[in-house]
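Chain by chain, the residues run as shown.
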Amino acid sequence: MEYVSRVPRPPLDGLIDDLYYLEGTPPYARLTLPPMPAALLVVNLGAPFRVRGGTDIETTEYADGCVITTPTRAFEFGYPCPTRSVGVHVKPWGLAPFLPMPAVELCDRPVTLEQVWGRAAVAELRDRLATADGPHAMLTLLEDELMRRCAETTGLGLVRHTSGVIAATSGAVPIGDLRTAAGVSSTHLAQRFKALVGVTPKRLARTYRFAATVFEIDPAGPVDWGRLAGGAGYFDQAHFGHEFREFTGLTPTRYIEVRRRFLREHPGHAMDGWPLPAD
């Protein structure tokens, strides 16, 4: 697959981790994406893809693209073959300036890009992207569109700063300390987080801790689960295992088996690292 990404220019770099272009044959027809402390916006330029989010039983087809706020559960992506899209990996609070609704309304409920920006605007953007001169020009077009749409958002500074503290501690900071440092009530802080991120500070901290723990795992070697769980601040291995199953739907040992399958069947693939084969 061809994968091109870059960090956007200010002020978008305070909202977005990177813009990316993806084209080619996916490693698997269906991929599971465990929750990350991040959001996602995709503009689809190929055949429709299918997403099953949160606790949904059925998958939903997305022709124009999709928007996903910071998730609490794993998502399943069904890619067309071949696939072609441009997208944005967004910081937890970063979608808020581009949404016409509170982020909590989209929590674990992926929506089409049309539902967020409107049919005419999305159709025009997709046409321009489809005729652009290569991936870098496409990323510039998407960046310009985001710059144009970026709106003032009440409480963004508070949520961004508090989320930064959570991220810096990999989710280990006591939530009471966040409220005290922010100088607001716990209710107000939770309301702002739900409006801009889609989840509470406590839930975001859990996601940061889980993600940081998983990224410490080297699937190619032996894993000391007790050391890993203790180092991440989990009460014990049972607590860690419960969190693992809630976030991924897999036990820790099954997760390693699936990661190793990806490494074995597609070594060095651009998508290795977080997505898991769902087949």
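Per chain, the residues get numbers from 1 upward, laid out in the order the sequence is written. The predicted nature of this model means local features are confined to residues of pLDDT at least 70 and side-chain atom pairs, given and counted, to a pLDDT of 80 or more, with totals for whole chains, interfaces and linings taken over all residues. With hydrogens and water excluded, all non-hydrogen atoms of the structure serve as input to the side-chain values.

Undergrad: In this structure, what is going on with the nonpolar core? I would like to understand it.
TA: The nonpolar side chains of a soluble globular protein tend to be buried, and buried together. Definition used in this section: a nonpolar core is a set of buried Ala, Val, Leu, Ile, Met, Phe, Trp, Tyr and Cys residues joined via side-chain atoms within 4.5 Å. Working definition: with a 1.4 Å probe on protein chains only, accessible area under 20% of the residue-type maximum means buried, over 50% means exposed, and in between means partly exposed. One finds Val-43, Val-67, Val-86, Trp-117 and Leu-146 to be the most contacted residues of the largest nonpolar core, which totals 48 residues. Any two residues having at least one pair of non-hydrogen atoms within 4.5 Å are treated as being in contact. Ignoring sequence-local partners within four residues, the contact set of Trp-117 consists of Leu-41, Phe-98, Val-122, Leu-125, Glu-145, Leu-146 and Arg-149. Counting 18 residues, the second largest nonpolar core, distinct from the first, contains Val-214, Ile-217, Trp-225 and Val-258.

Undergrad: For this particular structure, what's the right way to read the sheet that holds strand E8 (residues 75-78)?
TA: Note on sheets: strands pair through backbone hydrogen bonds, and any given pair is parallel or antiparallel. Paired strands, in this sense, are two strands between which DSSP finds at least two bridges. Counting from the N terminus, the helices are the DSSP runs of H or I reaching at least four residues and the strands are the DSSP runs of E reaching at least two. Sheet architecture is open: 5 strands sit in the order E6-E5-E8-E3-E11, paired in antiparallel fashion. Edge positions in the open sheet fall to strand E6 (60-62) and strand E11 (276-277), since each of these has one partner strand only. Across 4 bridges, strand E3 (residues 30-33) lies against E8 in antiparallel orientation. Within E8, the residue paired with Leu-31 across the bridge is Phe-77.

Undergrad: Teacher, can you tell me more about unusual backbone geometry here?
TA: Generally, phi is negative for residues other than glycine and the peptide bonds are trans, each holding for most cases. Pro-10 connects to Pro-11 through a cis peptide bond whose omega is 0°. If you trace the backbone, Pro-11 turns up in the loop between strand E1 (2-6) and strand E2 (16-24). With phi around 60°, Asp-108 is a residue other than glycine that occupies positive phi space. With respect to the helices, strands and loops of the structure, Asp-108 is situated in the loop between strand E9 (83-90) and strand E10 (111-112). Residue class for Asp-108 comes out buried when judged on its relative accessible area of 13%.

Undergrad: Would you explain the sheet that holds E9 in this entry?
TA: Across the sheet, which stays open at both edges, the 6 strands sit in the order E1-E2-E9-E4-E7-E10 with antiparallel pairing between neighbours. In the strand order of this sheet, the two ends are held by E1 and E10, each with one partner. Bridge count for strand E4 (residues 39-44) against strand E7 (residues 65-68) is 4 bridges, and the pairing is antiparallel. When the bridges of E7 are listed, Val-42 appears paired with Cys-66. Axes here mean lines fitted to C-alpha atoms, for a helix over just the part in contact, with angles spanning 0 to 180 degrees between N-to-C directions. The sheet strands contacting helix H2 (residues 119-130) are E4 and E9, and the helix crosses E4 at an angle near 70°.

Undergrad: For this particular structure, what's the right way to read helix H4 (residues 156-168)?
TA: Along an α-helix, residues three or four apart share an orientation, since each turn contains 3.6 residues. Here, expected helix span is obtained from the residue count minus one, scaled by 1.5 Å. Helix length check: H4 (13 residues) gives 18 Å between terminal C-alpha atoms against 18 Å at 1.5 Å per residue, within 8%. Among the residues making up H4, those that are buried are Leu-156, Val-159, Thr-162, Ser-163 and Ile-166. Down the axis of H4, the buried set is contained in an arc of 140°. They therefore lie on one face. Structural note: H4 exposes Gly-157, His-161 and Ala-168 on the side pointing more than 90 degrees away from its buried face. Buried residues belonging to H4 abut helix H5 (175-182), helix H6 (186-196) and helix H7 (201-215). Looking one or two places after H4, you find Ser-170, whose phi comes out positive at around 50°. Think of it as the arc spanned by the lines of direction from the helix axis to the C-beta atoms.

Undergrad: Where do I start with the pairing of E9 in this structure?
TA: Successive side chains on a regular strand alternate, one facing one side of the sheet and the next facing the other. Among the 8 residues of E9, 6 are classified as buried, and the element is accordingly described as predominantly covered. In this structure, E2 lies alongside E9, joined through 8 bridges in antiparallel fashion. Each bridged residue has a counterpart across the sheet, and for Asp-18 the counterpart in E9 is His-89. Examined bridge by bridge, E4 and E9 share 6 bridges and lie antiparallel to one another. Paired with Ala-39 across the bridge in E9 is Val-90.

Undergrad: Help me understand the packing of aromatic side chains, please; the structure alone is not making it clear to me.
TA: For any two aromatic rings, the description comes down to two numbers: the centre-to-centre distance and the angle of the planes. Here a Phe, Tyr or Trp ring, Trp counted by its six-membered ring, pairs with any other such ring whose centre lies within 6.5 Å, and the pair is stacked when the planes are under 30 degrees apart, edge-to-face when over 60, and tilted otherwise. Tallied over the full model, the rule gives 14 aromatic pairs. With centroids separated by 5.3 Å and ring planes inclined at 75°, the aromatic side chains of Phe-210 and Phe-244 adopt a geometry described as edge-to-face. One end of the pair, Phe-210, is in helix H7; the other, Phe-244, is in helix H9 (residues 237-248), with 34 residues separating them in the sequence. Comparing Phe-210 with Phe-244 shows no difference in burial state: the two are buried. Ring geometry for Phe-210 against Trp-274: centres 6.3 Å apart, planes inclined by 75°, an arrangement best described as edge-to-face. One end of the pair, Phe-210, is in helix H7; the other, Trp-274, is in the loop between helix H10 (252-265) and E11, and 64 residues separate them in sequence.

Undergrad: Could you clarify how one ought to interpret H10 in this entry?
TA: Helix length check: H10 (14 residues) gives 20 Å between terminal C-alpha atoms against 20 Å at 1.5 Å per residue, within 8%. Taken together, the buried positions of H10 are Pro-252, Tyr-255, Ile-256, Val-258, Arg-259 and Phe-262. Axial view of H10: buried residues confined to an arc of 165°, hence all on one face. For H10, the elements touching its buried residues are E3, H7, helix H8 (225-231), H9 and E11.

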